[in-house]
Each structure stands twice: as structure tokens, then as C-alpha cells.
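The primary structure of each chain is shown beneath.
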Amino acid sequence: MSHATTPRRLGELATHVGGELLGDAGLLIQGLNGLAEAGPGDVSFYGNTRYRRQYEATRASAVLVGRDVPAREGMALIRVSNPHLAFARLLKLFDVWERPPAGVRPGAHVHPEAHVHPEATVMAGATVEKGASVGARTVLYAGAYVGEAASIGEDCLLYPNVTVRERCQVGSRVILHASCVVGADGFGFAFDAEGDNGPQHFKIPQTGIVRIEDDVEVGACTCIDRATIGETVVGRGTKLDNLVQLAHNVKIGPLTLICAQAGVSGSAEVGTGVVLAGQVGVVGHIRVGDLAKVGAQSGVAHDVEDGQIVSGSPAIPHREWLRASAAAGQLGDLLKEVRALRRRVDMLEKEKGG
Amino acid sequence: MSHATTPRRLGELATHVGGELLGDAGLLIQGLNGLAEAGPGDVSFYGNTRYRRQYEATRASAVLVGRDVPAREGMALIRVSNPHLAFARLLKLFDVWERPPAGVRPGAHVHPEAHVHPEATVMAGATVEKGASVGARTVLYAGAYVGEAASIGEDCLLYPNVTVRERCQVGSRVILHASCVVGADGFGFAFDAEGDNGPQHFKIPQTGIVRIEDDVEVGACTCIDRATIGETVVGRGTKLDNLVQLAHNVKIGPLTLICAQAGVSGSAEVGTGVVLAGQVGVVGHIRVGDLAKVGAQSGVAHDVEDGQIVSGSPAIPHREWLRASAAAGQLGDLLKEVRALRRRVDMLEKEKGG
Amino acid sequence: MSHATTPRRLGELATHVGGELLGDAGLLIQGLNGLAEAGPGDVSFYGNTRYRRQYEATRASAVLVGRDVPAREGMALIRVSNPHLAFARLLKLFDVWERPPAGVRPGAHVHPEAHVHPEATVMAGATVEKGASVGARTVLYAGAYVGEAASIGEDCLLYPNVTVRERCQVGSRVILHASCVVGADGFGFAFDAEGDNGPQHFKIPQTGIVRIEDDVEVGACTCIDRATIGETVVGRGTKLDNLVQLAHNVKIGPLTLICAQAGVSGSAEVGTGVVLAGQVGVVGHIRVGDLAKVGAQSGVAHDVEDGQIVSGSPAIPHREWLRASAAAGQLGDLLKEVRALRRRVDMLEKEKGG
């Protein structure tokens, strides 16, 4: 069950998700849960036939199902076109999170020349530097930092210990999870063999910014470096998981998902609606096309075409990778086999010659 | 040598670790060190015959050794059943760390409705929100954050800039290293092709919590996401290294070790006494069995049985992987060899036919 | 264009980089940019013939080029020996960053027994503990933490939410990016099958420190663990990218570059002028020699000789890896081919015998 909430009638829930109710509209629902975990008073969802057994065994009082799922004896159903999405909408309905009251709390560090909207909340221990702006209904938790002349839009959440460095721009309805870092210097150096104190890596000033568009979510401890010149961009509605690295001048299109511990190197472009699975690496200066998918732990060394699915390190088309990785486990055997074949061919040749 | 400490007699040390002393109990010991680095006045340890040369050459005054190691001319020995563990115990004995005095310091942000034990320490710049509780002898350093209704047990250390979000539960004797994040939202979205402003990833509220059992250690910048519904769990005595990712609804059993930069995807289960080496990835919804071991950089895509050792990406039994990766370096040669064989077989067939 | 700056004459810029100017010294330059992005009023650079097309098409007013690049109709050139380095120097010249005024701000937490140089800046929300020292012109941003008896040299930048734990030593001109962690405990445990409350991982006290030499840069959310005994060291002029892990007792030589999400395990040594690409893993207790290069996502399991280039997981010489990974995509085909050969050889042998 989700945390303590107000019970609601099943009819209300069906209406909320635009679903067709098969069952008692007056049934009292306490909360939501997965098929296996749900009990009486819970609503669950069944969106994938892989979970048919769990669906058949569930103890939920009602289940969100697809439009074509048949009625079921003794269980209420709500038919919708996307059960997963409908479940998410109900979870949101039941969610009781309350924005903390607006205002700058004692113990917050807000520069007199910062622009904090009166409906924004700045908690004790948060910092807003000179010339920075914070939009309406945005909340800055303790340790959140908004650097000089940076701007944060409306309805954003900056969780504890988030850093947004100077001049970076964050849109509206953006969620920055704890300890993420927006706008640290890109990793750029020019080797100087004749520095004043011997050879050195001369730091290339990182004079650009990060621009995060609306409706983006940035995971905990994720790092998005500012551009050397110009902008590093995260497009509208894109979601970054935890511990992701985006290097300087990277451009991520809208509606893309980047899973935990993936990294994108300098000046690479990732298109619209892409999925980078966990621990993927993308080298610099290439493009991953729109709607492409990259399998977990893959290393992308070359452009990926729109819609392509790739895996492996270095990444190759996913089908080839499946075959190759199935074969990889047999490599030892293959080696033996080839040696045996060689001996047999040696023998055949010798006998023929003899 | 360990940092400044009080010297102790060798006899006292032997007693402390329950060892058999071969040598002068009155010898004055200043500190501890590795076999190669130790000098006069130091105790070292020798627990693995791989280090026999270093053992023979060490300048330590005394060495912790196994029960069956023979006496040695001119060097004190302490025989114990586990030299590595005994060494750790002595390091702890010499360690001079002092808990800062109890109390809430000026500059700490403690909500009036928070429950901070009078023997706890809350340093300047730390935050405890409404309804949160902090147990006896627990220390919160600057920038540590305990969210609404979260609970922290006794004898914990929350290093600087740690975030524990609302309602999460942390047991006793837990160490949370700097900038780790407990309870950020899991990475969950339902695709909504018909959002009000076009297609969108609809955020699935993450209404659950993280529960960390007693005696757990969480590394710096490690992220443990809260459950969508229910709990993400880290079992008793489990140790997580730095930069580890645990996704929503993951369950980690007790006494498991997860090395740096490893990641475990949503709803995966990792058993008791498991070792995940560095940079390992585990996909979602699978189980890594008790006492399993996963080699560095491996990608675990399927269930791992109890006690199994696997390596590679995708992970296969370790022995197979050893053979395959030895063969991998020879792949180019193998390809050539097979082409040569084909030509020879072509020739044999032609001659036979001719 | 770089952010708002004062325009400068081209002649001044040529002099600043010690270059030979072919063009109008009085030309007014507004800023700098890449070849593709530059427009009138911008200086760009051309250092690699890969970008020849962009060089030919650029709309920049002037370009930094190598000493042997011929004069070009209608475009000013500045000939230098290292165009990339000269560009970096000009970026720095145009960069307008101003150190915040010196002093300890209200809201900073500085222990009365800390040693903060009067020319240092400690912003609100930063912490300097007892016995710690902070050198001249060093800036501590909000949330930066300097632990007991730690020392920070001159001209350093500690960005928001950086943690430097007790007794660690940081040299001069060091940049610590946001949320990096210096001196967390190393990941060291001795298994104790007979603990008071059952089996446990007994924590090995991590009594050593981290020592960071001069001119080092440490990326955001990068973690450098303190030594068990002695020092973890990052050598002079070495640069670490974001989300890097350096375990206890690691020694990194001077002038080395470690890219994002790479990790180095306990007691490993990395030499001088090494490059570890992104997501590399290095196992413990080995040595990566001077000037070695390790390809992205590689897993280094054995010593790497000075100057060697390795790739792959496990890492092998780069040339072998190139051949092997080209072959890897063909593994499925190879397997088929070998099976076909076997059948043909079977047939040949049968016929011969028949």
C-alpha cells in the first residue's frame, strides 16, 4: 500500500482514468499495489500477458486491464487503453505530498539581488546567489545551491544538496534530485609541453552553460557539465536516472530516457525518444539517432541511425550482438574444434600426398 | 603508521586478539602497517602465502600470523586463527577517533517537531525535518539532511552532505558516507502518447521508502532509490562502496558486499553474503542467489544460483568466461585459421572430384 | 560566443599567444567559438586536418592555425605552434570570472581554532572544522566542508557541497568540483565468522588520509577514499573527471587524465601522463605504467607497461583488441562456418575410408 491516504470509491477512480468499470462503483479503495502484493481494498494493474499468472492469483479488489480483457467473476475491473499509465495516474491521485509553505525561511542564504518569486519556497540551508532567479511554486531544500545569474523556472523541486552553477538555465516543472550537479566545468585541457613549471594540462575555460528544458528530471548524483562555449542541452521531457554523466556541449533531445550510470562524452548528440540503458557509454562527437535504443553496458563508438537498436562494447546491431554473445560462451570449444579440424585436414592432405 | 596514538605493549595486543605470543610481551608498539611499509615499532600481518617474500623481508617488530606458522628467529609473532581480522581489531584499538560532544549546535536546522535524542550530535549546517527522529550517539555532520518523518537509529554517522529523504528508515550503527542519497525517487515513468502538451513520460509517483537495516555502510555518492510502492531494502551488515546505484524496490540481503560503481536495476533481489565486484550491472526483476560472486564489469541478465560465480557481459559461469576471454584475444587469428582451413578443404574436395 | 566580455583587437590577441598575424591587427574581436559555430567578430582555431571542411567553410573573422598553414584570402590567420593551446589561452583572456571578495561571510561555520587566511573566502553555508587550514585566495562555496585538521592550499576552489574529510591534505591551485568527496573511508572489511551477533564484516579502520598535490582538478561527484594506513595520492597536475572512483591507497602519478566514471581499485598505481578513458576499471594492487593509455570501458586486470595502449575487458593490447572486436561481430558466422567445415571433413574422411 502507498503511504497513508484517504480512501476513495472505485467509481471515482474509474472516472479519473477514463475507464470502463465492470464492478461495484461504491467499493472503497484504500490504495494501490502490484498484482502479487495487493490485497483487499487495493487496486492493481495488468498490462502485460507475462504477468497472467499473477493476474489470476491476485487478491486485489480491482484491477486496471486493457480494453479487450474479459470480465472476471468476483473481481472488479477497470478497462482502459493503457493500464500502466492509468495505474500511474491513480498513484498520483492517492499521493499526499504537500508542497511546503511558500517563503524564504530563516537560515536560507538569499542574496539581496536575487529574484525569488514570493510563491517559491527556500528552506533553511539553501542558497540563492546574486542575480539568480527562482520561479513560482519552486522548492529549494536544504543545501540546494543556485549560482550567480542562474535561473530556475516554476514548479521545480531542487532536493537537498543540489548544485546549479552560475548562469545555468533550468526550465519549469524540472526535478533535480539530491546531490546532482548542473554546470560543473567540462573536462577540457590543452597539453602545454612548455608550461612555466614544466609540462602541464592547461585548463580550457568552460565559459558556456547548461540549459535544461521543461519537464526534465535529473537523478541523484547525476552530473551535467557546462559547455566550453555555448550550451549543454537537455531537451523537454527527458529523464535522467542517477549517477549519469553528460559531458560539455552534449545535446540530448526531448523525451529521451538515460538510465543509471550511463555516460555521454563531449559534444555527442542524442536524439528524441532515445533509450540509453544502464552503464552505457557514448563517445564524443557522434550522434545517436531519434528513437534509437542502446542495450545495457554498451559502448557506442559510432553514429547510431534513427530507430536502430544496438548492444555490445563496441556496440553493434542488437541481433548480431545476440548471436555473437551466445557464441562467445562457446569460444573455448570453438578454438578446440578448429584445432581438431586442422589436424584432420593435415592428415587428409598427408594421406592424399602419400 | 596510523595517525598519532598511544604506544602499547605487545603482550596487551596479543591478549586483545586472543593470540599466542612468541616473543617479548614488553615490546613497545607504536602502530601498524603493511608488511612492506612496516618498520621497527610496528605490527604487521601475514595471512596469505602470496606475500611470503614480503613476510620474509619485513622490518616490522612483530607480525600477526596463522596458527601453523613456525616461530621465527629475531621477530615476535602473534599466532591467531585469522590474521587479517586480528589486524583490523588492532587498528581499531589504535584508532583515536572521538565522537564530537552531544547536542544540537547553533547553525543546525532542527524542526521543533523533530525527535533528536539528547545524546545525538547535530552539527551546524545539518538539517532534521518535522517528525524525523535521530537516535542516541548518532552524529550528523554539516549538510547532512534527514527528511520529514525519516528515522535514524543509534550510533550512526551521517557524513557531510548526506541526504536521507522523507519517511526512510535507517537502522543502528549505520554509516552513511558523504553525499550519498537515500530515498530519491525511483526512475519510473509511463509513456503517455496523448499528454496535454503532446507525448510525455508520465511520472509514476514513488510512494514507497528505503529501509536500511543495522550495521550497514553506504559509500560516498551512492544512491538508493525509494520504492514505487513498499520498500527498497538493504539487509543487516551489508556494505556498499562508493557510487553504487540501487534502483527502486531492490532487495539486498544481509552481509553482502557491493563494490564501487556497481548498479542493481529495479526490483532485482541480491541474496545473503553475495559479492558484486566493481562496475557490475544487474538487470531488473532477477535474483542473484546467496553467496554468489559476480566478477568486475559483469552484466548479469539472468538469475544467478546460490553460490555460483559468474563473469562477463552478459555474465556466464566464471570458468567458461575465463576460457572465452582467453580465446577472445585470439579471435583474429582464429578467423584467419578458419579461412585457411576452408581453402584447404575446398582444394581437397576439388582434387577428390577431379 | 563566450559570455559577455570586453572586445579586444586582433593584434593584441596574436601577441598574447606569441603568434604570427596574417591580417588586420586592428580588427575588433568579440569572442571565441568553434569553426562551425563562429561568426563575424569571432576567433576560432584549426588544429586537426579532420576539420578541414569546417575550416574552409567557417565564418570566423580570424582563425588560429599551425605554423605551416598557408595564408588565406579574406580571412585573418594567427600562426602558432599549438592552435588548441592558443585557443585555450584566448578563452582564458576573455573569461570574466571574478573571485568573490575575501572574508568569512555571515552564515559560514568556521571553528574558532581553524586557520583561515584573511585573503580566503568562506561563503555562507560552508564549514571549516577545528584545526583545519584554508590558504590565501581560496574560495569555499556554500556546503563546502573542510574537516578537522585538514588543509587546503592557496588559490583553490571548493565548489558547493564538496567534502574534504579530517586530516586530508589538498595542495594549491586545486579545483574540487561540486559534491566531490575527498577522504571517505576506504572499503575495507575483514570477515568475522564468529562475531558477537553472528557472522559480520568487521570494519577495518581507515586511519590514513588523502593527499592531493598542486594543480589537480577533481570532477563533480568524484570520490577519493582515504588510505587504510598511509596515503592515497593524486599527483601534481592530474585531472579527474566526474564520477570517478579512487579507492584506498591508490597512487596516481602527475599529469594523468582520468575520464568520467572510471574506477581504480585499492592500492593500484597509475603512473605519470596516463590516460584512462571513460568507464575504465582498474583492479587492485597492479600498476598502469607511465604514458599508458586505456580505452573506454576497458577492464585492466594486470600490469600495463609504460607507454602501452590497451583496450577491452579484460584489457589486451589495443591492436589485438581492434582485431578481436572486429571479429566478434562475425562470431555467429564463424560458428556456422566451422560446423560446415566439420561436416565437409567428415565427408572427406568417410569417402577416403569407403
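Residues numbered from 1 in each chain as written. Chains lettered and ligands numbered in written order. Predicted model: local features only at pLDDT ≥ 70, side-chain atom pairs only at ≥ 80, totals over all residues. Heavy atoms only, no water.

### Topic: the interface of chain B and chain A
Across the boundary between the two partners, chain B contributes 64 residues, which contact 66 residues of chain A. Carbon and sulfur atoms supply 64% of the area that chain B and chain A bury against each other, a total of about 4,900 Å² over both sides. Considering only the side of chain B, the residues that lose the most area to chain A are Phe-187, His-201 and Ile-229 of chain B, jointly responsible for 14% of the buried surface there. Counting across the chain B and chain A interface gives six salt bridges. Connecting chain B to chain A are 22 residue pairs in polar contact (both at pLDDT 80 or more). Listing elements by their share of the side of chain B that touches chain A, those giving two or more residues are strand S21 (181-184), strand S22 (189-192), strand S23 (200-203), strand S26 (223-225), helix H4 (318-328) and helix H5 (331-353) of chain B. (Contact = heavy atoms within 4.5 Å. Buried area = accessible area lost by both parts, 1.4 Å probe. Salt bridge = Lys/Arg side-chain N within 4 Å of Asp/Glu carboxyl O. Polar contact = N/O pair within 3.5 Å; in protein donor to acceptor, adjacent residues only side chain to side chain. Helix = DSSP H or I, 4+ residues; strand = E, 2+ residues; numbered from the N terminus.)

### Remarks on the packing of aromatic side chains
Residue and element names in this part refer to chain C. Scanning all chains against the criterion turns up 15 aromatic pairs over all chains. An angle of 35° between the planes, with centres 4.7 Å apart, marks the rings of Phe-45 and Phe-87 as tilted. Of this pair, Phe-45 sits in strand S5 (residues 42-46) while Phe-87 sits in helix H3 (residues 83-94), placing them 42 residues apart in sequence. You can call Phe-45 partly exposed: its relative accessible area is 23%. An angle of 80° between the planes, with centres 5.2 Å apart, marks the rings of Phe-187 and Phe-189 as edge-to-face. (Phe/Tyr/Trp six-rings, centres within 6.5 Å; stacked < 30°, edge-to-face > 60°. Buried < 20%, exposed > 50% of the residue type's maximum accessible area, 1.4 Å probe, protein only.)

### Topic: the confidence of the model for chain A
With 99% of its residues at a pLDDT of 70 or more, chain A has an overall mean of 94. Under the prediction, the complex receives an ipTM of 0.95, its pTM being 0.96. (pLDDT = per-residue confidence, 0-100.)

### Side note on the sheet that holds strand S13 (residues 133-134) of chain C
Residues and elements named next belong to chain C. One open sheet holds the nine strands; their spatial order is S10-S13-S16-S19-S24-S27-S30-S33-S36, and the pairing between them is parallel. Of all the strands in the sheet, just strand S10 (115-116) and strand S36 (287-288) have a single pairing partner and so form its edges. Pairing of strand S16 (residues 151-152) with strand S19 (residues 169-170), which is carried by two bridges, proceeds in the parallel orientation. Counted as the bridge partner of Ser-151 is Gln-169 from S19. (Pairing = 2+ DSSP bridges.)

### Notes on the relation of the copies chain B and chain C
When chain B is brought onto chain C, the operation consists of a screw motion whose angular component is 120° and whose axial shift is 0.0 Å, with 0.1 Å RMSD remaining. Here the transformation between the copies is reduced to the relation of a three-fold axis. (Least-squares fit on C-alpha atoms with pLDDT ≥ 70 in both.)

### Things to note about the sheet that holds strand S31 (residues 257-258) of chain A
Strands in a sheet are paired, the pairing made by backbone hydrogen bonds, and the direction either parallel or antiparallel. Strand order in the open sheet formed by twelve strands is S8-S11-S14-S17-S20-S25-S28-S31-S34-S37-S39-S40 (chain A), with mixed pairing between adjacent strands. Strand pairing shows two members of the sheet lacking a second neighbour, strand S8 (103-104) and strand S40 (316-317) of chain A, which therefore form its edges.

### Some remarks on the domain arrangement of chain A
Structurally, chain A comprises domain 1 (8-94) and domain 2 (103-319). Using only C-alpha atoms to locate each centre, domain 1 of chain A and domain 2 of chain A end up separated by 37 Å. (Domains from an automatic or database assignment.)

### Quick word on the UniProt feature "active site" (unreviewed entry) in chain A
Here, the residues flagged by UniProt with the feature "active site" (unreviewed entry) are His-248 of chain A. Apart from residues lying up to four places away in sequence, His-248 of chain A is in contact with Gly-186, Phe-187, Gly-188, Gln-206, Asp-225, Arg-226, Ala-227, Thr-228, Thr-232, Gly-266 and Ser-267 of chain A. (UniProt positions renumbered as here; feature names shortened; annotations may be inferred.)

### Considerations on the interface of chain B and chain C
The interface of chain B with chain C comprises 66 residues on the first partner and 65 residues on the second. Overall, the association of chain B and chain C removes approximately 5,000 Å² of surface from exposure, summing both partners, and the carbon and sulfur fraction of that is 64%. The tally of links between chain B and chain C comes to six salt bridges. As a salt-bridge pair, Asp-192 of chain C and Arg-89 of chain B come within 2.9 Å of each other at their nearest N and O atoms. At the boundary of chain B with chain C, the tally comes to 22 residue pairs in polar contact (both at pLDDT 80 or more). Every element with two or more residues in the side of chain B that touches chain C is listed here: helix H3 (83-94), strand S28 (239-240), strand S31 (257-258), H4 and H5 of chain B. With 15 residues, the top contributor of residues to the side of chain B that touches chain C is H5 of chain B.

### Quick look at the side chain of Ser-179 of chain B
Checked against the element boundaries, Ser-179 of chain B lands in the loop between strand S20 (175-176) and S21. With residues up to four places along the chain from it excluded, the contact list for Ser-179 of chain B reads Ser-179 and Cys-221 of chain A, Pro-160, Asn-161, Val-162 and Cys-221 of chain B together with Asn-161, Ser-179 and Val-181 of chain C.

### Regarding the environment of His-177 of chain C
Looking at the secondary structure, you find His-177 of chain C in the loop between strand S20 (175-176) and strand S21 (181-184). Looking at His-177 of chain C, the relative accessible area reads 1%, which means it is buried. With near-sequence residues (within four places) excluded, His-177 of chain C lies in contact with Arg-165, Ala-184 and Asp-185 of chain A together with Tyr-159, Val-162, Glu-217, Val-218, Gly-219 and Ala-220 of chain C.

### Things to note about unusual backbone geometry
Look at the link from Ser-313 of chain A to Pro-314 of chain A: it is a cis peptide, with omega at 0°. You can see Pro-314 of chain A is positioned in the loop between strand S39 (309-311) and S40. Residue Leu-291 of chain A is not a glycine yet carries a positive backbone phi of 65°. Within the secondary structure, Leu-291 of chain A sits in the loop between strand S36 (287-288) and strand S37 (293-294). Non-glycine residue Cys-221 of chain C carries a positive phi angle of around 60°.

### Here's the deal with the packing of helix H5 (residues 331-353) of chain A against H4 of chain B
Axis separation between H5 of chain A and H4 of chain B bottoms out at 7 Å; the angle between their running directions is 60°. In terms of orientation, H5 of chain A and H4 of chain B fall into the oblique class. For the pair H5 of chain A and H4 of chain B, the contacting residues are Leu-331, Gly-332, Asp-333, Leu-335 and Lys-336 of chain A in the first and Arg-323, Ala-324, Ala-327 and Ala-328 of chain B in the second. Its residues assigned to classes, the contact of H5 of chain A with H4 of chain B shows five nonpolar, one polar and three charged. (Axes fitted to C-alpha atoms, helices over the stretch in contact; angles between N-to-C directions. Parallel < 35°, antiparallel > 145°, perpendicular 65-115°, else oblique. Nonpolar A, V, L, I, M, F, W, Y, C, P; charged D, E, K, R; others polar.)

### A closer look at the pattern of salt bridges
In this structure the tally under the stated criterion is 69 salt bridges over all chains. With a shortest N-O distance of 3.6 Å, Arg-287 of chain B and Glu-269 of chain B are connected by a salt bridge. On the criterion of sequence distance, the pair formed by Arg-287 of chain B in strand S36 (residues 287-288) and Glu-269 of chain B in strand S33 (residues 269-270) is long-range, its members being 18 residues apart. Take Glu-269 of chain B: its relative accessible area is 36%, and that puts it in the partly exposed class. Of the charged contacts, one joins Glu-166 of chain C and Arg-165 of chain C as a salt bridge, the two residues approaching to 3.1 Å between their closest N and O atoms. Given the relative accessible area of 19%, Glu-166 of chain C is considered buried. Here the residues in one salt-bridge network are Arg-165, Glu-166, Asp-185, Lys-203 and Arg-226 of chain A together with Glu-217 of chain C, joined through shared partners.

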